[in-house]
Amino acid sequence: MSKKHSNRGIITAGLPYLSLLDVLGDSVEKVDVLRLGMVYPLPRKAVIEFLKSHEEVKILEELDGFIEQYVKSMAYEEGINTKIIGKIDLEDWIGEYTPEKVRDVLKKVWPDLVYEFPKKVGNIRVIQRPPQLCPGCGHRPVFYVLYLHYIG
C-alpha cells in the first residue's frame, strides 16, 4: 500500500491489476493502488486502512461485484465515509478487463487519470493485446483461430 496521492485509490486483484499498470503509465503517481493477493477472505485490516486514507476508492474487478460488496460492507460497519465507486453501467459487468477496457472503466470516473492508447507509432500499427482467457477455458481454441485469422 502506498501513500502517493491521498485523495484517490484503487482496489483490485488478479489480471485487472496488470491491465491497470498498462493503463496508468506515467499517471501511476496520481493514484494509490491496493493490490489484493487473495480475495476470500478479504484482508480486512488492509482494506479498512486503505479506505480511511482516501476520499474516493474505485473497485476494479471483472464480472461479479464480489470485492465491491464486501468493501462497501466493511466501510459501513466501520463508519467510514470514503466514496466507494464500483461498477457504473452494464459494460462494467461484461468481459475481461483488458487494458482497453480498464482505460474505459477508469475514464468514466477519473478522465484525467487515463490517456488514449496510440493506434500507430510512426508507420507501425500498434496491435492491441488480446484477452488472456483462463487456462483450460474451452473458448481459447476458437478465439485463437479467429484472432490469427483476422490479425494474421
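See the structure printed just above.
Here's a quick rundown of the structure. (Residues numbered from 1 in each chain as written. Predicted model: local features only at pLDDT ≥ 70, side-chain atom pairs only at ≥ 80, totals over all residues. Heavy atoms only, no water.)

Before going further, it helps to examine unusual backbone geometry. Pro41 follows Tyr40 through a cis peptide bond whose omega is -10 degrees. Tracing the backbone through its elements, the reader meets Pro41 in the loop between β2 (32-36) and α2 (44-52). A positive phi angle is found at Leu63, which is not glycine, with a value near 60 degrees. Positionally, Leu63 belongs in the loop between β3 (56-60) and α3 (66-78). (Helix = DSSP H or I, 4+ residues; strand = E, 2+ residues; numbered from the N terminus.)

To continue, consider the pattern of salt bridges. Under the definition given, this model contains seven salt bridges. Here Arg103 makes a salt bridge to Asp104, at a shortest N to O gap of 3.3 Å. Judged by its relative accessible area of 39%, Asp104 falls in the partly exposed class. Because the salt bridges share partners, they merge into one network encompassing Arg44, Glu77 and Glu78. (Salt bridge = Lys/Arg side-chain N within 4 Å of Asp/Glu carboxyl O. Buried < 20%, exposed > 50% of the residue type's maximum accessible area, 1.4 Å probe, protein only.)

With their axes 10 Å apart at the nearest point, α2 and α3 run at an angle of 70 degrees to one another. The orientation of α2 with respect to α3, classified from their angle, is roughly perpendicular. Of α3, the residues touching α2 (which contributes Arg44, Val47, Ile48 and Leu51) are Val71, Met74, Ala75, Glu77 and Glu78. (Axes fitted to C-alpha atoms, helices over the stretch in contact; angles between N-to-C directions. Parallel < 35°, antiparallel > 145°, perpendicular 65-115°, else oblique. Contact = heavy atoms within 4.5 Å.)

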